[in-house]
Amino acid sequence: MEAFADWLFVALWGLAVLLTFLPFFPATLLILAAAFLHELLLGFRDLSVGLWLLLGALALLAMAVDNLAALLGARRYGAGRAGLWGAFLGGLLGLFLGAVGVLVLPFALAWLFEYLSGRRPEEALKAAWGTLVGLMGGVVAKVIVHVAMGILVIRAIFQG
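A brief structural summary. Please read these numbers as outputs of a predicted model, since none were measured by experiment.

1. Things to note about the packing of aromatic side chains
Taken as a whole and judged by the stated rule, the model has 4 aromatic pairs. Measuring from centroid to centroid gives 5.8 Å for Trp85 and Phe88, while their planes differ by 90°, and the two rings are edge-to-face. Here Trp85 and its partner Phe88 are both found in helix H4 (residues 81–94), 3 residues apart, which amounts to about one turn of the helix. Taking the relative accessible area as the measure of exposure, Phe88 reaches 35% and is therefore partly exposed. Over the ring of Tyr77 we find Arg76; its NZ or CZ atom is 5.9 Å from the centre of that ring.

2. Focus on the pattern of salt bridges
Inspection of the entire model under this criterion finds 5 salt bridges. A salt bridge links Glu122 to Arg120, with the nearest nitrogen and oxygen atoms 4.0 Å apart. We note a salt bridge from Arg120 to Glu123, for which the minimum N-O separation is 3.7 Å. Relative accessible area serves as the criterion here: at 34%, Glu123 is assigned to the partly exposed category. One salt-bridge network, in which partners are shared between bridges, spans Glu2, Arg45 and Asp46.

Calculation rules
Residues numbered from 1 in each chain as written. Predicted model: local features only at pLDDT ≥ 70, side-chain atom pairs only at ≥ 80, totals over all residues. Heavy atoms only, no water. Phe/Tyr/Trp six-rings, centres within 6.5 Å; stacked < 30°, edge-to-face > 60°. Helix = DSSP H or I, 4+ residues; strand = E, 2+ residues; numbered from the N terminus. Buried < 20%, exposed > 50% of the residue type's maximum accessible area, 1.4 Å probe, protein only. Lys NZ or Arg CZ within 6 Å of the ring centre and 35° of its normal. Salt bridge = Lys/Arg side-chain N within 4 Å of Asp/Glu carboxyl O.

Encoded structure:
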């Protein structure tokens, strides 16, 4: 049962890291749930309270950095509220169109919303680019945090 629980965590963590690239998928919560399931199966013996607190802090960081990076990227390139809403809606709609939709629709709708809010096409393009850069930067940062979370748990379960 121990080997099953250990490798189940590794598999779910790997899946969560991959799913981080899908907008609006709660990959951070999947990692926490995988760690909890591991401990539930083995009687809560491998992960200390301190590690749980660290995982919780990293989970909050992952959620915050995702939103903050999108906002900073958009602001850096001059996007307004319209561009952020366009990118958000584009991300939602893009889920139904696969990987290309997830990248193209946030950019396209950020541009469209900025343009419709009164920006010149060049300004709207710059703002849309900034929104996309911010979103991608947030995903990269979140992947790094997710990898760190998994490594911490793996060290605890395979060294413990």
